[in-house]
Amino acid sequence: MDLSARVRSSFRWTLTARALGQLGTWAVTLYVMRVLSPTDYGLNAMAGVCIGFVQVVDSLGLGAAMVREREPTERLLRQVMGVLVIVRIGLFIGFQLLAPLIGAFFDEPRVVPLLRVMAFLYLITIFETLPLVSLERAVTYKKISIAEMFGGACGTGVVLACASAGYGVWALVWGLLVQTAGRAIALNFIVRPMVLPMLRFDELGKHLRFGLFICSERLLGFAFQETDKVIGGHMLGATASGFYSVGSHIACLPVNKVMGLINSVTFSAFSSMQHGQRLNSRHLEQAVSMLSVSAFPVFFGLGSVAPELVPLVIGKQWLPSVPIIQILGVVMPLRMIANILQPILWSAGAPRVSLANLAVASAGMAIALAIGSRFGVIGLAMGWLLAY
């Protein structure tokens, strides 16, 4: 099967699998939003953004470097595994020690135990990076979809059970851990044997250089997209941060569910093109056209029905989130289109262009959000709109 056919098959399979999987996940998410309080979601956002900020660079970009590598040797993969073990264990220990300082930054001591438990994600993900790389290099997203569906089903079940039992924010934390563990178990069942670590790194030089550029861009990209939650948590407190977090989550739902698939398939496909097939602008034009046709109606429609949809589906306690959904809904179609440029530049081995753009955008966004936060959650959302 040629590359184009594999990419089309990957999109069809993954979109179908995710659509089926998300039906149950969305139903549970909406139920949990009715059960949990804005404060619960605010605390989860504070802890989650800190864990996620570090998690985007915890592989030092070596996963992306291995996807791009034409024929990685077993020795090279073992050295990558060695780096993953050292870095992620170090991050786990670091969060155990630094959690009180992060809680002091947010002026919220309840964040400290959440951070310490969430840090177990770093230990779990040691075992999923290389199996995921193997499947992405082969553009076999059918198997990735199966692993994600298994993890999602496990995590969703735990969230539902814990939320119903009154565990509050811990329902979200335990659900995330179980989801990640389930996905890692499934990936290692699909891709065998497991790569054992090697603590010699003589073959990693050029891959680390490429990976560090990828890390820098991912870090700036995460900062660009998630600084609002850091500033909101620090300036507005847990409850207001919870309203903003839920509004942002609903507004970003199509982006979060679709862009991970699109970016990973795009990166794998264009990485394969650079080794044999001619990469041209026609593929990019087609991708932008497809996204535009679907994104603008979806997000503008969501903003239009939000005043009626929110109290009906997740309850009247979330009405302060409605204007956030409407404001961010104007930005999201543009963000979806802009996001596909990143994996294309990565696959072409030229991350510097996107890195420079993100550096400027992240600095401007942070300033706008800091100013907007002085006017509450609406000001925070308006900072996004005006800066973007």
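Values in this document were obtained by computation on a predicted structure and should not be read as measured data.

**Regarding the overall build of the chain**
Scanning the chain from N- to C-terminus turns up 15 helices and 0 strands. Burial statistics for the chain: of 388 residues in total, 49% are counted as buried. Look at the contacts in the chain between residues 6 or more apart in sequence, and 85% of them connect residues 24 or more apart. Accessible area of the chain: about 17,400 Å², with a carbon and sulfur share of 68%.

**Re the packing of helix 5 (residues 111-118) against helix 9 (residues 169-190)**
Helix packing geometry: the angle between the two helix axes and the distance between the axes. Close contact between helix 5 and helix 9 brings their axes to 10 Å; oriented N to C, the two are set at 10°. With respect to each other, helix 5 and helix 9 are oriented roughly parallel. Here helix 5 contributes Pro113, Leu114, Val117 and Met118 to the contact with helix 9, which in turn contributes Val169, Trp170, Val173, Trp174 and Leu177. Partitioning the contact of helix 5 with helix 9 into residue classes produces 9 nonpolar, no polar and no charged.

**Some points on the packing of aromatic side chains**
Counted according to the given criterion, the structure contains 8 aromatic pairs. Relative to tyrosine 122, the ring of phenylalanine 95 has its centre 5.7 Å away and its plane inclined at 25°; by these criteria the two rings are stacked. Here phenylalanine 95, found in helix 4 (residues 74-106), pairs with tyrosine 122, found in helix 6 (residues 120-124); they are 27 residues apart in sequence, far enough to count as distant. Residue phenylalanine 95 is classed as buried on the basis of its relative accessible area of 7%. Three or more aromatic residues joined by ring pairs form one cluster here, namely Tyr41, Phe243 and Trp318.

**Some points on the nonpolar core**
Counting residues in each nonpolar core, the largest one holds 43 residues, and the members touching the most others are Val32, Tyr41, Tyr244, Trp318, Leu328 and Trp384. Contributions of two or more residues to this core are made by helix 1 (3-35), helix 8 (141-164), helix 9, helix 10 (205-274), helix 11 (281-313), helix 12 (322-339), helix 14 (351-372) and helix 15 (376-387). If we skip the residues at most four places from it in the chain, tryptophan 384 touches Phe224, Gln225, Asp228, Tyr244, Leu328, Val331, Arg335, Met365 and Leu369. Judged by nonpolar contacts, the second largest core, of 27 residues, contains Phe92, Ile102, Val112 and Val117.

**Thoughts on the pattern of salt bridges**
When the charged atoms of two side chains lie near each other, side chains of opposite charge can form a pair. Per the stated rule, a full pass over the model turns up 5 salt bridges. A salt bridge links glutamate 226 to lysine 229, with the shortest nitrogen-to-oxygen separation between them at 3.1 Å. You can see glutamate 226 and its partner lysine 229 sitting in helix 10, 3 residues apart, about one turn around the helix. For the residue pair glutamate 226 and lysine 229, the accessibility class agrees, reading buried in each case. Ionic pairing is found between aspartate 228 and lysine 229, a salt bridge with its closest N-O pair at 4.0 Å. Residue aspartate 228 shares its accessibility class with lysine 229, and that shared class is buried. Salt bridges sharing partners connect three or more residues here, namely Glu226, Asp228 and Lys229.

**What to know about the packing of helix 2 (residues 38-55) against helix 4**
Where helix 2 meets helix 4, the closest approach of the two axes is 11 Å, and the angle between their N-to-C directions is 135°. Relative to helix 4, the element helix 2 lies oblique. Two packed elements cross with a definite hand, and for helix 2 against helix 4 that hand is right-handed. Seen from helix 2, the contacting residues are Met46, Cys50, Ile51 and Val54; seen from helix 4, they are Leu91, Phe95, Ile102 and Phe106. Class assignment of the residues belonging to the contact of helix 2 with helix 4 gives a composition of 8 nonpolar, no polar and no charged.

**Examining unusual backbone geometry**
Positioned with a positive phi, leucine 60 is a non-glycine residue whose angle comes to about 55°. Take leucine 60: it is sitting in the loop between helix 2 and helix 3 (62-68). Look at aspartate 107: it is not a glycine, yet its phi comes out positive at around 55°. Residue classification places aspartate 107 among the exposed positions, given a relative accessible area of 65%.

**Things to note about helix 5**
Judged by how many residues are buried, helix 5 sits mostly within the fold: 6 of 8 residues are covered. Where helix 5 is buried, its residues meet helix 2, helix 4, helix 6 and helix 9.

**Remarks on the environment of arginine 192**
Mapped onto the fold, arginine 192 is located in the loop between helix 9 and helix 10. Considering only alpha carbons, one finds arginine 192 and proline 131, 61 residues apart in sequence, at a separation of 8.1 Å.

**Concerning the side chain of glutamate 108**
If you trace the backbone, glutamate 108 turns up in the loop between helix 4 and helix 5. Beyond its immediate chain neighbours, meaning those up to four positions away, glutamate 108 contacts Leu43, Met46, Gly103 and Ala238.

**Focus: the environment of aspartate 228**
Relative to the helices and strands, aspartate 228 is located in helix 10. On the accessibility criterion, aspartate 228 (1% relative accessible area) is buried. Considered as a pair, aspartate 228 and glycine 383 are 155 residues apart in the sequence and their alpha carbons are 8.9 Å apart. Setting aside anything within four residues of it in sequence, one finds aspartate 228 in contact with Tyr244, Leu369, Leu380 and Trp384.

**Describing the confidence of the model for the chain**
This prediction gives the chain a mean pLDDT of 81; 82% of its residues lie at or above 70. No element of the chain has a lower mean pLDDT than helix 13 (residues 341-347), at 64, and none a higher one than helix 5, at 96. Ignoring residues within four places in sequence, the model shows residues 275-279, a span with pLDDT below 50, making 7 contacts including any to other chains.

The rules behind each value
Residues numbered from 1 in each chain as written. Predicted model: local features only at pLDDT ≥ 70, side-chain atom pairs only at ≥ 80, totals over all residues. Heavy atoms only, no water. Helix = DSSP H or I, 4+ residues; strand = E, 2+ residues; numbered from the N terminus. Buried < 20%, exposed > 50% of the residue type's maximum accessible area, 1.4 Å probe, protein only. Contact = heavy atoms within 4.5 Å. Areas by Shrake-Rupley, 256 points an atom, 1.4 Å probe, with all protein chains shown as cover. Axes fitted to C-alpha atoms, helices over the stretch in contact; angles between N-to-C directions. Parallel < 35°, antiparallel > 145°, perpendicular 65-115°, else oblique. Nonpolar A, V, L, I, M, F, W, Y, C, P; charged D, E, K, R; others polar. Phe/Tyr/Trp six-rings, centres within 6.5 Å; stacked < 30°, edge-to-face > 60°. Core = buried A, V, L, I, M, F, W, Y, C linked by side-chain atoms within 4.5 Å. Salt bridge = Lys/Arg side-chain N within 4 Å of Asp/Glu carboxyl O. Left-handed = near helix turned anticlockwise from the far one by under 90°. pLDDT = per-residue confidence, 0-100.

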